[in-house]
Amino acid sequence: MSKQYFSTSLTPEAHPADIFCVETTSEYAITSSGNSTLKLWNAASNDHELVLTINTAHRLGIHHVCANKELGLIAAVGFDGEISVWSLQDCSCRAVISDPKTAYWAARFSADGEFLAATSLDGGITVWNTASEDFEKCGELETKGSSGLAIDYSNDGRFIASGHENGGLYVFSTETARLLHSLPGHIKAVRAVSFSPLSKLLAAGGDSNVITVYDVTSGEQVFNLSGHSRWIMSLDWNFTGEYLLSGSFDKSLKIWSIEQTECVSTQTESDSAVWAAKWTKTAGTARPQGFVSVGIDKTVRWYREATGG
């Protein structure tokens, strides 16, 4: 059964350079680009107007952003290899995390906000305690040395997954800090990983143009989702876990039904590659769930599901 979504709002030239990342909370969509700013857009209004701009010190630009509403924090990862952490309350910089021996690439907060984890270009994963004033390092996870391009924290806090340039795909236990699974199915770069809301499934995609879905407990590959013709840059589950959103270098967005294991909607409004897409956070509200996308065309696009009312 197909689903229909329509574009409700777009902001051209939202940034002066490619928009590499978008993160969503119930209040904001947070975007970052090849310049040094973070922009926060109103997620609740119909116009999705710009609410706030944060000027960071990432002079080479920002390529990954993650947020934790409980703590009111945003973490931005720049092309300089550093992570800056910002307060949503007063836009102050809480911490700058750097390591002269490596460059960080992708980051993700745990759902409870207690930890921040990041991949690095030397292949390792570092975990910090957000409760400490200076974001004390509290753990390191070892992979097989290929650049870490993607990371996700499971909602139950038990797992961290990472995707790597050589096709490596790993799942770690946060309780034991040990590798649980080295997952097969990718021989090219894995650019996106995402746990389902109940932490039972893991989706991964990248340069193979195919999305693979795994059982987190067993490590078994459950099914593949095929339909994109270029690199898959972004994956995100809706809050019920029924649908998976993907963004690709083939300029399209696709919504996949997990029950049907097939694509139920394709959006092709962009005339250039999609760098990232995220579902809006509408759980517990009267708003129908939609999503927001960004990419090379410097435009922020908002979509909403078509309803019969």
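Everything here concerns the structure above.
These numbers were taken from a predicted model, which means no experiment stands behind them.

With that settled, the discussion passes to the sheet that holds strand β1 (residues 5-11). With antiparallel pairing, the four strands of this open sheet are ordered in space as β1-β28-β27-β26. This sheet does not close on itself; its edge strands, each paired only once, are β1 and β26 (274-279). Across the sheet, the axes of successive neighbouring strands diverge by a mean angle of 20°, strand direction being ignored. Inspection of the sheet shows strand β27 (residues 290-295) paired to strand β28 (residues 300-305) by four bridges, in the antiparallel sense. Across the sheet, the residue bridging to Phe 291 is Tyr 303, located in β28.

Let's shift gears to the state of the cysteines. One pass over the full model with this rule turns up zero disulfides. Sulfur of Cys 138: no disulfide; nearest cysteine sulfur belongs to Cys 66 and is 14 Å away. Since its relative accessible area comes to 44%, Cys 138 is described here as partly exposed.

Turning to the pattern of salt bridges, a few remarks are in order. All told, the structure shown has eight salt bridges when counted by the stated rule. With its nearest N and O atoms 3.7 Å apart, the salt bridge here joins Asp 152 to Arg 108. Here Asp 152 is found in strand β14 (residues 148-153), whereas its partner Arg 108 is found in strand β10 (residues 104-109), with 44 residues between them in sequence. Using a relative accessible area of 16% as the deciding quantity, one classes Arg 108 as buried. The salt bridge involving Asp 297 is made with Arg 301; its shortest N-O contact spans 2.6 Å. When its relative accessible area of 10% is taken as the criterion, Arg 301 is described as buried. Three or more residues are tied together by salt bridges with common partners; here these are Glu 23, Arg 108, Asp 152, Asp 236 and Lys 278.

Of note in this structure, Ser 199 is not a glycine but carries a positive phi near 65°. Residue placement: Ser 199 occurs in the loop between β18 (190-195) and β19 (201-206). Its relative accessible area of 4% is what places Ser 199 among the buried residues. Unusually for a residue other than glycine, Asn 209 sits at a positive phi of about 70°. Assignment of secondary structure puts Asn 209 in the loop between β19 and β20 (210-215).

Let us look at the nonpolar core. Ranked by internal contacts, the top residues of the largest apolar core, which has 15 residues, are Ile 83, Val 85, Leu 116 and Trp 128. The set of elements that each furnish at least two residues to this core consists of β7 (73-78), β8 (83-87), β9 (93-97), β10 and β11 (115-120). Once you skip the residues sitting within four places of it in the chain, Trp 128 turns out to touch Ile 83, Ile 97, Tyr 104, Glu 114, Phe 115, Leu 116, Ala 117, Ala 118, Phe 135, Glu 136, Lys 137 and Cys 138.

Taken together, four strands build an open sheet; the order of strands is β2-β3-β4-β5 and the sheet is antiparallel. In this open sheet, the two edge strands, each paired with only one partner strand, are β2 (19-24) and β5 (50-55). The average undirected angle you get between the axes of adjacent strands in this sheet is 20°.

Thresholds applied
Residues numbered from 1 in each chain as written. Predicted model: local features only at pLDDT ≥ 70, side-chain atom pairs only at ≥ 80, totals over all residues. Heavy atoms only, no water. Pairing = 2+ DSSP bridges. Helix = DSSP H or I, 4+ residues; strand = E, 2+ residues; numbered from the N terminus. Axes fitted to C-alpha atoms, helices over the stretch in contact; angles between N-to-C directions. Disulfide = S-S within 2.5 Å. Buried < 20%, exposed > 50% of the residue type's maximum accessible area, 1.4 Å probe, protein only. Salt bridge = Lys/Arg side-chain N within 4 Å of Asp/Glu carboxyl O. Core = buried A, V, L, I, M, F, W, Y, C linked by side-chain atoms within 4.5 Å. Contact = heavy atoms within 4.5 Å.

Keep in mind that these numbers describe shape and distance, not what the molecule does.
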